[in-house]
Amino acid sequence: MARHLETQRRRALDVVFEAEQKDILVPGLLRELLAERQEVSTAQVPIQAAGADLVNLVADHLYDLDGMIEDYSAWGLRRLASLDRCVLRLGLAEICFAGLQVAVAVKEYSAIVRELGDEKSIRFITAIFNRAGKEMKADAAEAVSAPEELTAADASALPEATSVSDSAMESSERSTDADVSARNPGSTEPSVSESTVSTSHDSSAGDGLGDAESNYSFVSSGDDANDELPVDQSIDEEK
């Protein structure tokens, strides 16, 4: 199985390298070239499913991969040898998007470069792979710690918001107590003022009760109804 994967990595490298040499290294044209090499190939072992999956992985993330190489390399993407660029694309694709361990990628691709390149390229490619692995670990740690920091921030904000509400409530209660004391000193309950009673009687007139209710209230307000006789009746009695 390991031997098969090693062979398919080389077939994938052949396709990516050919696309770069033909200046068609863009996702769509790379997939078209892959389709051709799956049918017709000059290699003794044509590219198969594992190799095709790797080429498609490179096509899916081609621009991200080139951006990584540009960032991680002190020389930039275009100053690298074509073989090194293609090996880096394949290796970074497996590390960053297929979950291959950095140590395994270094071992597998170093064997390919040793056969096709030189020792300087191996050291350079190993450094780039290690850099990618560190960046992935840092991003994973940041993604895990971010929700915890968010929760802590929300929790610390809750007591402050509660204290503000309590303060506002206490201020409202003090204001209410002060109003009650001003209306009825020495008493804890508000009293009904004369103006309130007067307003109540005035509002009743609008309900259709009219002057009849007002006269009725006047007559029945005394202790003895005879004390409030009309003026004409008192004159007749004196006569």
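## Details of the nonpolar core
And step 1. Counting residues in each nonpolar core, the largest one holds 43 residues, and the members touching the most others are L30, L88, L90, L92, Y109 and F129.
And step 2. Residue assignment for this core shows that the elements contributing at least two residues are α1 (2-21), α2 (27-39), α3 (49-60), α4 (62-72), α5 (82-97), α6 (102-116) and α7 (119-183).
And step 3. It is α5 that provides the largest number of residues to this core, a total of eight residues.
And step 4. Once residues within four sequence positions are removed from consideration, L88 is found in contact with I69, L80, F124, I125, I128 and F129.

## Description of the confidence of the model for the chain
And step 1. For the chain, the average pLDDT comes to 74, and 61% of its residues sit at 70 or higher.
And step 2. Segment residues 178-185: pLDDT under 50, and nine contacts once partners within four positions in sequence are set aside and those in other chains are kept.
And step 3. This stretch, residues 187-239, has a pLDDT under 50; its non-local contacts, to residues over four places away or in other chains, come to 13 contacts.

## Some thoughts on the side chain of S73
And step 1. Along the polypeptide, S73 turns up in the loop between α4 and α5.
And step 2. Relative accessible area serves as the criterion here: at 7%, S73 is assigned to the buried category.
And step 3. In this view, S73 contacts L80, F124 and I128; residues no more than four positions away in its chain are not counted.

## So, α3
And step 1. Taking 1.5 Å as the rise per residue, α3 with twelve residues should run 16 Å; its terminal C-alpha atoms sit 16 Å apart, in good agreement.
And step 2. Listed as buried for α3 are G51, A52, L54, V55, L57, V58 and A59.
And step 3. In this fold, the buried residues of α3 make contact with α1, α2, α4, α5 and α6.

## Quick look at the packing of aromatic side chains
And step 1. As enumerated under the stated definition, the model contains two aromatic pairs in all.
And step 2. Measuring from ring centre to ring centre gives 6.1 Å for Y109 and F129, while their planes differ by 75°; the resulting arrangement is edge-to-face. Of this pair, Y109 sits in helix α6 while F129 sits in helix α7, and the two are 20 residues apart along the sequence. With respect to burial, Y109 and F129 carry one shared label: buried.

What counts and how
Residues numbered from 1 in each chain as written. Predicted model: local features only at pLDDT ≥ 70, side-chain atom pairs only at ≥ 80, totals over all residues. Heavy atoms only, no water. Core = buried A, V, L, I, M, F, W, Y, C linked by side-chain atoms within 4.5 Å. Buried < 20%, exposed > 50% of the residue type's maximum accessible area, 1.4 Å probe, protein only. Helix = DSSP H or I, 4+ residues; strand = E, 2+ residues; numbered from the N terminus. Contact = heavy atoms within 4.5 Å. pLDDT = per-residue confidence, 0-100. Expected span 1.5 Å × (residues − 1). Phe/Tyr/Trp six-rings, centres within 6.5 Å; stacked < 30°, edge-to-face > 60°.

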